[in-house]
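Residue-level listing of the chains:
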Amino acid sequence: MRILVVFESMFGATEEIAEAIGKGLAGAAPVEVVNVDKAPRDLTGVDLLVVGGPTHVHAMSRAATRKSAAEQSEQPTHSQTGVREWLDSLESVPAGLPAATFDTRLEKPRVLTGAASLGEAKRLRRRGCRLVRPAESFFVETSPADAGPKPGEVERAEAWGAALGRSLS
Ligand SMILES: Cc1cc2nc3c(=O)[nH]c(=O)nc-3n(C[C@H](O)[C@H](O)[C@H](O)COP(=O)(O)O)c2cc1C
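Report on the accompanying structure.

Cut-offs applied
- Residues numbered from 1 in each chain as written.
- Predicted model: local features only at pLDDT ≥ 70, side-chain atom pairs only at ≥ 80, totals over all residues.
- Heavy atoms only, no water.
- Core = buried A, V, L, I, M, F, W, Y, C linked by side-chain atoms within 4.5 Å.
- Buried < 20%, exposed > 50% of the residue type's maximum accessible area, 1.4 Å probe, protein only.
- Helix = DSSP H or I, 4+ residues; strand = E, 2+ residues; numbered from the N terminus.
- Contact = heavy atoms within 4.5 Å.
- Phe/Tyr/Trp six-rings, centres within 6.5 Å; stacked < 30°, edge-to-face > 60°.
- Near = heavy atom within 4 Å.
- Polar contact = N/O pair within 3.5 Å; in protein donor to acceptor, adjacent residues only side chain to side chain.
- Areas by Shrake-Rupley, 256 points an atom, 1.4 Å probe, with all protein chains shown as cover.
- Salt bridge = Lys/Arg side-chain N within 4 Å of Asp/Glu carboxyl O.
- Axes fitted to C-alpha atoms, helices over the stretch in contact; angles between N-to-C directions.
- Parallel < 35°, antiparallel > 145°, perpendicular 65-115°, else oblique.
- Left-handed = near helix turned anticlockwise from the far one by under 90°.
- Pairing = 2+ DSSP bridges.
- Right-handed = clockwise from strand over helix to strand, strands pointing away.

**Brief notes about the nonpolar core**
Phase 1: Counting 20 residues, the largest nonpolar core has Leu4, Val6, Leu43, Leu49, Trp86, Leu97 and Leu124 as its most contacted members.
Phase 2: Sorting the residues of this core by element identifies β1 (3-7), β3 (48-54), α3 (83-88) and α5 (116-126) as the ones contributing at least two each.
Phase 3: Broken down by element, this core gets its largest block of residues, 3 residues, from α3.
Phase 4: Not counting residues within four places of it along the chain, the set of residues in contact with Leu124 comprises Leu49, Val51, Leu87, Ala99, Thr101, Cys129 and Leu131.
Phase 5: Core analysis: the next-biggest nonpolar cluster, separate from the first, contains 17 residues, Val5, Ala18, Leu25 and Trp160 among them.

Right under this line is the structure:
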């Protein structure tokens, strides 16, 4: 059993959430948590794929929004590319691969914020994956841009990962 968690992160919040999800999943099977910059394009041998990224302009990031993010912090961004580009570049995806998606975003009604996890799920479905959980959002502080997840969100992410792991058996 091989679980792959692929994250994109500009300021580090989604990375923190992805690591927590990985921690929660680790009770089910060995987990690799991988930055999208280094994620494999061949998913042969993967038994569960989890994909997450920040919500930018109501959706997954694009080159222009990542550039804008880079300008909002003095630190280099954690990822250079995005899950949108990675999902579009996948070379081999096992048929019916179980998958789940998440994002980070502001804590407001989804109709106002959008959610990158919905676009991630749509693309995974198109690639023949089987979504095993509804897309989930984890909330970040509003400012500064790199303030990170809201209190309790890292713990909620770990619990979400653990529940996802339990649903596999
Ligand atoms: C260019 C840009 C656009 C954003 N657009 C949205 C948005 O439409 N909805 C939202 O909830 N958050 C939006 N945000 C906030 C991001 O979701 C937030 O920066 C992200 O969750 C932080 O994760 P990270 O530290 O992993 O990059 C935006 C942030 C940036 C930089």
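**Observations regarding the packing of aromatic side chains**
Phase 1: Following the criterion strictly, the structure yields 3 aromatic pairs and no others.
Phase 2: Consider the rings of Phe102 and Phe138, whose centres lie 6.3 Å apart with planes at 70 degrees: the pair is edge-to-face. With a gap of 36 residues between them, Phe102 in strand β4 (residues 98-105) and Phe138 in strand β6 (residues 136-139) connect regions that are remote in the sequence. The exposure classification of Phe102 matches that of Phe138, with both residues buried.

**Things to note about the site of the ligand**
Phase 1: Neighbouring residues of the ligand: 20 residues in total, closest Ser9, Thr14, Thr55, His58 and Thr104.
Phase 2: With respect to the ligand, the side chain of Ser9 contributes an N or O atom lying 2.6 Å from an oxygen atom.
Phase 3: Ala13 is positioned with one of its backbone polar atoms (N or O) 2.8 Å from an oxygen atom of the ligand.
Phase 4: About the coverage of the ligand: the protein hides 88% of its 630 Å² of free accessible area.

**A look at the pattern of salt bridges**
Phase 1: The full count for this structure, using the stated rule, is 8 salt bridges.
Phase 2: Taking the shortest distance from any N to any O, the salt bridge between Arg123 and Asp88 comes out at 2.9 Å. In this pair, Arg123 sits in helix α5 while Asp88 sits in helix α3, placing the two residues 35 residues apart along the sequence.
Phase 3: Here Glu153 makes a salt bridge to Arg156, at a shortest N to O gap of 2.7 Å. Here the residue Glu153 and the residue Arg156 both occupy positions in helix α6 (residues 153-166), the gap between them amounting to 3 residues, near one helical turn.
Phase 4: When salt bridges with common partners are traced through the structure, they connect Glu136, Glu153 and Arg156 into a single cluster.

**Notes on the packing of helix α1 (residues 13-25) against α6**
Phase 1: One way to put it is that α1 packs onto α6 with a least axis distance of 7 Å and a crossing angle of 40 degrees. Relative to α6, α1 is oriented oblique. Where α1 crosses over α6, the two elements pack in a sense that is right-handed. Together, Glu16, Ile17, Ala20, Ile21, Lys23, Gly24 and Leu25 of α1 and Glu153, Val154, Ala157, Glu158, Trp160, Gly161, Ala162, Leu164 and Gly165 of α6 make up the contact between the two elements.

**A look at the side chain of Ser117**
Phase 1: Residue position: Ser117 is located in helix α5.
Phase 2: Exposure remark for Ser117: the relative accessible area of 1% places this residue in the buried category.
Phase 3: Residues in contact with Ser117, not counting those within four places in the same chain, are Thr101, Phe102, Asp103, Ala135, Glu136 and Ser137.

**A few points about the pairing of β1**
Phase 1: Burial within β1 is extensive, with 5 of its 5 residues counted as buried.
Phase 2: Alternating positions in β1 separate into two faces, Ile3, Val5 and Phe7 on one and Leu4 and Val6 on the other, with burial throughout.
Phase 3: In terms of strand pairing, β1 meets strand β2 (residues 31-35) through 5 bridges, oriented parallel. What sits directly across from Leu4, in β2, is Glu32.
Phase 4: Crossover β1 to β2 through α1 is right-handed.
Phase 5: Sheet topology note: the β1/β3 ladder contains 5 bridges and is parallel. Along β3, the bridge assignment pairs Val5 with Val50.

Nothing here speaks to function; it is geometry throughout.
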